[in-house]
Every structure is written in structure tokens, then in C-alpha cells.
Amino acid sequence: MYRSHSCGELNASAINKEVTLSGWVQKIRDKGFMIWVDLRDRYGITQLIFDEQRTPKEVMEKAKTLGREFVIQVTGNVIERESKNPAMPTGDIEIVAQDITILNEALVPPFTIEDETDGGEDIRMKYRYLDIRRNPVKNSLMFRHQVGMKVRNYLSEQGFIEVETPYLIKSTPEGARDFLVPSRMNEGQFYALPQSPQTFKQLLMVGGMDKYFQIVKCFRDEDLRADRQPEFTQIDCEMAFVEQEDILQIFEGLTKHLLQDIKGVSVDTFPRMTYDEAMRTYGNDKPDIRFGMKFGELNGVAQHKEFKVFNTAELVVGIAVPGAASFTRKEIDKLIDWVKRPQVGALGMVYVKCNEDGTYKSSVDKFYDQEDLAKWAAATGAQPGDLICVLSGPTNKTRAQLSALRMELAERLELRNPEEFAPLWVVDFPLLEWDEDTARFHAMHHPFTSPKPEDIPLLDTDPGAVRANAYDLVLNGNEIGGGSIRIHDKETQALMFKHLGFTPEEAKEQFGFLLDAFQYGAPPHGGIAFGFDRLVSILGGQETIRDFIAFPKNNSGRDVMIDAPATIDAAQLKEIHIQLDV
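Computed from a predicted model, the values in this text were never measured in an experiment. (Residues numbered from 1 in each chain as written. Predicted model: local features only at pLDDT ≥ 70, side-chain atom pairs only at ≥ 80, totals over all residues. Heavy atoms only, no water.)

1. Structural notes on a nonpolar patch on the surface
Counted only if it meets this: What goes into a patch is any residue over 30% in relative accessible area without a salt bridge, connected to like charges within 9 Å or, for nonpolar side chains (Val, Leu, Ile, Met, Phe, Trp, Tyr), within 5 Å. Each accessible area is a Shrake-Rupley result for a 1.4 Å probe, and residues are judged covered by the shown protein chains and nothing else. Salt bridge, as used here: a side-chain nitrogen of Lys or Arg that lies within 4 Å of a carboxyl oxygen of Asp or Glu. A run of H or I in DSSP counts as a helix once it spans at least four residues, and a run of E counts as a strand once it spans at least two, with each numbered from the N terminus.
A surface patch of nonpolar side chains, amounting to about 270 Å² of accessible area, comprises Tyr167, Leu168 and Tyr191. Position of Leu168 among the secondary structure elements: in the loop between strand E6 (161–162) and strand E7 (180–182).

2. Examining the side chain of Arg406
Our working rule: Only protein chains enter the calculation, and the probe is 1.4 Å; a residue is then buried if its accessible area is under 20% of its type maximum, exposed if over 50%, and partly exposed in between. For the purpose of charge, His is not counted, nor are the chain termini; Lys and Arg are scored as positive and Asp and Glu as negative. Counting of polar contacts relies on pairs of N or O atoms within 3.5 Å, with two restrictions inside protein: one atom must be capable of donating a hydrogen and the other of accepting it, and residues adjacent in sequence are counted only when both atoms are side-chain atoms. We call two residues in contact when some of their heavy atoms are within 4.5 Å.
Position of Arg406 among the secondary structure elements: in helix H12 (residues 395–412). Nearest to the buried, unbridged Arg406 among oppositely charged side chains is Asp288, at 6.0 Å. A distance of 3.1 Å separates a polar side-chain atom of Arg406 from the backbone oxygen of Met293. Leave out the neighbours within four places in its chain, and Arg406 touches Tyr282, Asp288, Phe291, Gly292, Met293, Phe295 and Ile319.

3. Section: the sheet that holds strand E9 (residues 211–219)
So the rule is basically this: Strand pairing is assigned whenever DSSP detects at least two bridges linking the two strands.
Overall, mixed pairing links the eight strands, which are arranged E6-E9-E10-E22-E21-E20-E17-E11 in an open sheet. Edge positions in the sheet fall to E6 and strand E11 (272–274), since each has one partner strand and no second. Strand direction decides the pairing type here: strand E20 (residues 470–475) and strand E21 (residues 478–485), joined by six bridges, are antiparallel. In the sheet register, Leu475 faces E21, and the bridge partner there is Asn478.

4. With respect to the environment of Trp36
With respect to the element layout, Trp36 can be found in strand E2 (residues 34–41). Discounting residues that sit within four places of it in the chain, Trp36 has contacts with Lys27, Ile28, Arg29, Lys31, Gln47, Leu48, Ile49 and Glu94.

5. Thoughts on the sheet that holds strand E1 (residues 18–30)
Within a sheet, adjacent strands bond to each other through the backbone by hydrogen bonds, running parallel or antiparallel. Quick note on the threshold: Orientation is described by lines fitted to C-alpha atoms, with helices fitted over the stretch in contact, and by angles between N-to-C directions that extend from 0 to 180 degrees.
The five strands lie next to each other as E1-E2-E3-E5-E4, forming a closed barrel whose pairing is mixed. Averaged over all pairs of adjacent strands, the angle between their axes in this sheet comes to 55°, without regard to strand direction. Relative to strand E5 (residues 93–104), strand E4 (residues 71–80) runs antiparallel, the two sharing ten bridges. Bridging from a neighbouring strand, Asn77 pairs with Val96 of E5.

6. Quick word on unusual backbone geometry
Look at the link from Ala564 to Pro565: it is a cis peptide, with omega at 5°. Looking at where Pro565 falls in the secondary structure, it is placed in the loop between helix H16 (532–539) and helix H17 (570–575). You will see that Glu69, though not glycine, has its phi angle at about 70°, which is positive. Secondary-structure assignment places Glu69 in the loop between helix H1 (57–63) and E4. Unlike most non-glycine residues, His577 shows phi in positive territory, near 65°. Along the chain, the position of His577 falls in the segment after H17.

7. As for helix H4 (residues 135–157)
Going by this rule: The span expected for a helix works out to 1.5 Å for each residue beyond the first.
With 23 residues, H4 should reach 33 Å at 1.5 Å per residue; the first-to-last C-alpha distance of 32 Å fits that figure. Those residues of H4 that are buried are in contact with helix H3 (128–131), E9, strand E10 (231–240), helix H6 (244–263) and H16. Looking one or two residues past H4, Gly159 carries a phi angle of roughly 95°, positive in sign.

8. A short note on the packing of helix H5 (residues 198–206) against helix H15 (residues 504–518)
This is how the line gets drawn: Each angle gets one of four labels, with under 35 degrees taken as roughly parallel, over 145 as roughly antiparallel, 65 to 115 as roughly perpendicular, and the rest as oblique. Each crossing gets its handedness from the near helix: less than a right angle anticlockwise from the far helix is left-handed, clockwise is right-handed. Each residue gets one label: Ala, Val, Leu, Ile, Met, Phe, Trp, Tyr, Cys and Pro are nonpolar, Asp, Glu, Lys and Arg are charged, and the others, such as Gly, are polar.
As a packed pair, H5 and H15 sit with axes 10 Å apart at the nearest point and diverge in direction by 20°. The pairing of H5 with H15 is recorded here as roughly parallel in orientation. By crossing handedness, the relation of H5 to H15 is classed as left-handed. Residues Thr199, Gln202, Leu203 and Val206 of H5 pack against Phe513, Leu514, Ala517 and Phe518 of H15. When grouped by side-chain class, the residues that make up the contact of H5 with H15 number six nonpolar, two polar and no charged.

9. Topic: the pairing of E4
Note: E1 against E4, seven bridges, orientation antiparallel. Counted as the bridge partner of Ser22 is Gln73 from E4.

10. Some thoughts on the packing of aromatic side chains
Using the following cut-off: By convention, a stacked pair of Phe, Tyr or Trp rings (six-membered ring in the case of Trp) has centres within 6.5 Å and planes under 30 degrees apart, an edge-to-face pair has planes over 60 apart, and any other such pair is tilted. By definition, being over a ring means that NZ of Lys or CZ of Arg is both within 6 Å of the ring centre and within 35 degrees of the ring normal.
Going through the model one piece at a time under the given rule, you end up with 19 aromatic pairs. Arranged with centres 6.3 Å apart and planes meeting at 80°, the rings of Phe307 and Tyr368 form a pair that is edge-to-face. Taken together, the positions of Phe307 in the loop between helix H8 (299–302) and helix H9 (308–311) and Tyr368 in the loop between strand E15 (360–362) and helix H11 (370–380) put the pair 61 residues apart, joining distant regions of the chain. Across from the ring centre of Tyr127, 6.0 Å away, lies the NZ or CZ of Lys126, which sits over that ring.

11. Digging into the nonpolar core
Let me state the cut-off plainly: Residues belong to one nonpolar core when they are buried, are Ala, Val, Leu, Ile, Met, Phe, Trp, Tyr or Cys, and are joined through side-chain atoms within 4.5 Å.
Grouped together as the largest cluster of nonpolar side chains are 38 residues, with contacts concentrated most on Val147, Leu155, Phe251, Trp425, Phe530 and Leu539. The biggest single contributor to this core is H6, with eight residues. Excluding residues within four positions of it along the chain, Phe251 makes contact with Leu155, Phe160, Cys237, Met239, Trp425, Leu473, Ile528 and Phe530. Of all hydrophobic cores here, the second largest spans 29 residues; its members include Tyr275, Tyr282, Phe441 and Ala443.

12. Details of the pattern of salt bridges
For the structure shown, the criterion picks out 36 salt bridges. For the salt bridge of Asp51 with Arg54, the shortest nitrogen-to-oxygen distance reads 2.8 Å. The class for Asp51 is buried, based on a relative accessible area of 6%. Take Arg54: its relative accessible area is 38%, and that puts it in the partly exposed class. The network of salt bridges with shared partners includes Arg124, Arg128, Asp131, Arg134 and Asp547.

13. Overview of the environment of Ile93
On the secondary structure map, Ile93 appears in strand E5. In this structure the C-alpha to C-alpha distance between Ile93 and Ile15, which are 78 residues apart in sequence, comes to 7.3 Å. Discounting chain neighbours no more than four positions away, the residues touching Ile93 are Leu10, Asn11, Ala12, Ile15, Thr46, Val78, Ile79 and Arg81.

14. Considerations on the packing of H4 against H16
Geometrically, a packed helix pair is captured by the angle between its two axes and the distance between the axes. Taken N-terminus to C-terminus, the directions of H4 and H16 make an angle of 115°; their axes are 10 Å apart at the nearest point. Judged by the angle between their axes, H4 and H16 are roughly perpendicular. In terms of crossing hand, the pair formed by H4 and H16 is right-handed. Mapping the contact onto sequence places Phe143, Arg144, Val147 and Gly148 in H4 and Phe532, Asp533, Val536 and Leu539 in H16. Class assignment of the residues belonging to the contact of H4 with H16 gives a composition of five nonpolar, one polar and two charged.

15. Notes on H16
Within H16, eight of the eight residues are buried, leaving the element largely enclosed by the surrounding structure. Every buried residue of H16 is accounted for by Phe532, Asp533, Arg534, Leu535, Val536, Ser537, Ile538 and Leu539. Looking at the buried side of H16, the elements it contacts are H4, E10, H6, E20, E21 and strand E22 (525–531).

Right, dumping it as C-alpha cells:
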């Protein structure tokens, strides 16, 4: 028996008991005649004492050889601690060691295994197995497990069945780039790793498994950022004989359940907003509604004077920044520099200070009088003490720029409280979006998304105006879930493929298995997928997903711990029929 107790469970009720503990040496304090050792495992820390008067001599000698992160087993007697530590669950007791076994020695770690470590991100990624010993990472992984269990329990109670779907599938031309896997037994042919189990979960609906879910790994070969990894986890769900409202109700319930059970937060309402309204009011389709600063369009009140910048713009739009009229000229100039960065791309910014006395001071006073500026304030909802920031230019580009500025100001003004949760549904997305590079329409979500029935006639006359029967769940400015009602009949699916530029032969080659399945009685169905990594990080109060993944990749898509991706031996390449140019 390596241990009778964990290092986090002993308290005063165990005094006078003999116990055996195992773990890692966290800290050593050697006074010569007495050695204190903090012993750590996943559950906590217990203080050990090696005392010349109470500990056998040979055990004392062994204790003097210990180093940080040695793995040891200790047997001893629980006694009351003289200097109690109320910050530790085990702070009332300590163990007088009677026996010790060094289970494994350890090199001195490259950074301290403490909550506030001296290790930078790169070195901690390289030695991730050591980083996991630190409480912040360990607790994040345990939190992830907790969320996963609550998701499984909730969906199971709602009648969902968890079904595993294949990882080696067929590559399709829609969506992000696939990770490809060459087949040794089928020369010149490749599997793809799934970007999602989309077609398989639809086939499960054809198979009569009317409520499916899976917490599943998915893969996309695309550029990375804080909330994206090449391999990620989805809560993937599908339901048969449902309409959009049924799905929204079930997954509002899941979100409420998680917020209540995990964060103790009760959320009663999930506002609904159309895609067009989200873009017009917030400049993006995943707005953070924990704070205001809604867009106010100013074309009607700003394009009547001689200010050419506004007169020639497709859109003039502004936001009222609460309390920011107190910003100095230097602070405002820094904001202007911020929006002119290449990452944002604005050519400049006009501003108006709304003074407490009801007057206005702007950077364009030469062109606009107090009456004009009062109309700007009314359009943006500005109050005395606020600062109005105005951008102009092409509609889509300007909205994106002002959205970026809005989020930056919210960060600077500390308006994004991670302990406040504001969910909403964004609905009525465009079915198709035009791609300038390929000069054709692409599915905004995927080619199996159903158009709104009333918009189907527009597919032939105005494809860009067709709305999808699709919905995203947004939480605190992050899309945490997205889905749609699917096409369930062969004719509509063939029509969709046609408008996506597939010939009937190409559609048959790529998706013939799905079209064939629809001929055997496909029920009306729809579903949703939650980004599990992102959901966990938001519930955990973080913006990045890395600390909630046991072994994440870096921003280049590399696992620096195992050094992957890596080159492959020539013999292995030959087996899979790949010849590299030398």
C-alpha cells in the first residue's frame, strides 16, 4: 500500500493515528536536527517532520538527501501542529516521520512548481507535465472534468444517447482545411480527420437515434489564436422531429444548468437578436451585451456639411463611451493611433466630448455646430460626461473597426466582468456568403443548413438575401455554440449543392452517401455544437483555452513538449506511397 490517505484529507480528527502518505517534495526546510518537508499530491499538501529525537537515525539520513520534486513514501504519526496554518486544509496537523522510501529521485525542475511560478509560457509548454503539477493548471483540468460530467448528466437526463463517430473519414471541399491521413492499403488515397461529425450525426437521425450527443475531438488545419487549437473538443448534438424553437429551449436549459450549478448564477432570459441587428448594433455576430456602447448610425446627421470624409463614406457610425469625456488629449490620441494600427485599419477617428454642462467639444468643430453635435449625442445615446467616437468608410469594414474599438475600450474601462454572464441567441444568419477569391457563393455555416422556407424562391434570383434556419449561442462576446435546422430532403439538398457551384456529379462524388440516405426516410432534424474548450474557459473566468487543455499546441500549431509535427522516416513514407522531392 503506497498510501493510506491523500495529502489533502488529514485533519485534527486523525491525531495519534499512524498513516502512510506518498507524493512529491514541494519544499524542504533543514535546520540540521529537524527537517520539515511539504509533501504534495493532487489533493493538497501535508507537512512532515523529521526529528532527531522522534525519527529513527537512518530515516533522518535519508531525509537529508531529499530534493525538490523527489517522489517519496512516508509512514509516521499524526500530531497536532504547534504553529497552525489556517490557509491549509491540513494546517492543524503534521506527520512525525518514522519511515521513508524514496520512490524516485528528480532533477531540479526548470521552474518552480508553485502557483506563482517563475517559468515563462514557452518553458512551461515544453515541460507541460511539470506545469500540470501546479494548482492553477491542475484545477483548470479538474474544472474541465466537472463541466464535462454536468453536460453528460444533463443531456442524458433529457434522453440523449452518446454515440461515437469515426475519426478517419472523407475529405470534403467545404469549411476549413482538413488534416489528411494517407492510406497505406489504398495507394494514392487519403482519409481526413473530421472538422465535425456533421454528416454522421445526420445519418444517425436517419437511423432513428432521435437524440444524439458526443463530446468529441475535431480537427481543423487553420491559423491559431487564443481560443483556437488545431484539435479541439465539441459538445456535438442532433435531434429529430424538432423545429428551431425546440433546440433553443433544450440548450438554453443546458446553459442555465451549467451557470447555476458551476457558478451559482441564475440567468432568466436569453435575448434573441437577428444577424442583421447584431451587425448594425454591435458590428459583429457575437456581441458582448454585458455593457452598452451600441452603435449609432450618423449618416443622416453628419453628411450635410462640408466635411468630405463623412460625405463620401458609405457609413458614418459612432459609440458613446461612458464617462470618457475626462480622457486627456494624449489619451484620445493614443486611441486614434490604436484604430490606425494595421490590425484594425481605420484611417482616423473623430471624437466629441459631451461636457457636464450640456455643451460639446469635438475634433471637427470647424464643420459642425452645437446643434449638429447634439443630434450625434441623441443618435449614440451619449450622456453628459461621455465621449463619442466616430468612424467612417465602407459599411462592413467600418462596423468591424468600430466593434474592435468598442471591445478595446470595454477592456480599458474594465466593463468585461468575468463573473457576469450575458447569453443571447443570434438568429437568421445569411445562408450564403460571397467569396471574392473564388467568385462564388459559399455556405456560411455548412451545405446541410436549411434555408428559411419562405426564402427558398430567392435562391434563383437573389442568393445573398436568403436567410438560414441557423442560430448561434453567444456568451460574453464569444460564440459558444452554433447550429441549424438541416435539409432533410434530397431535392432541397441538391438545390443547395447547385447554388454552391457543385455539378450533380461532384455532389454525388462528395456527398452521395448522404443523398442516398435521404431517400430512405430522413426525418426533419437539426442540431447544435458547443465549443467545449471555449465554454470551459469562459465558465472558468479566462479568455484563452490553453490552460484548460492538458497538452495544448502553441501558436504555430506545434507541441513543443513532444516536438510534433516532425519529419517521417523515408521507409514509412514509402509504405504510404509518398515520395518527397529532395
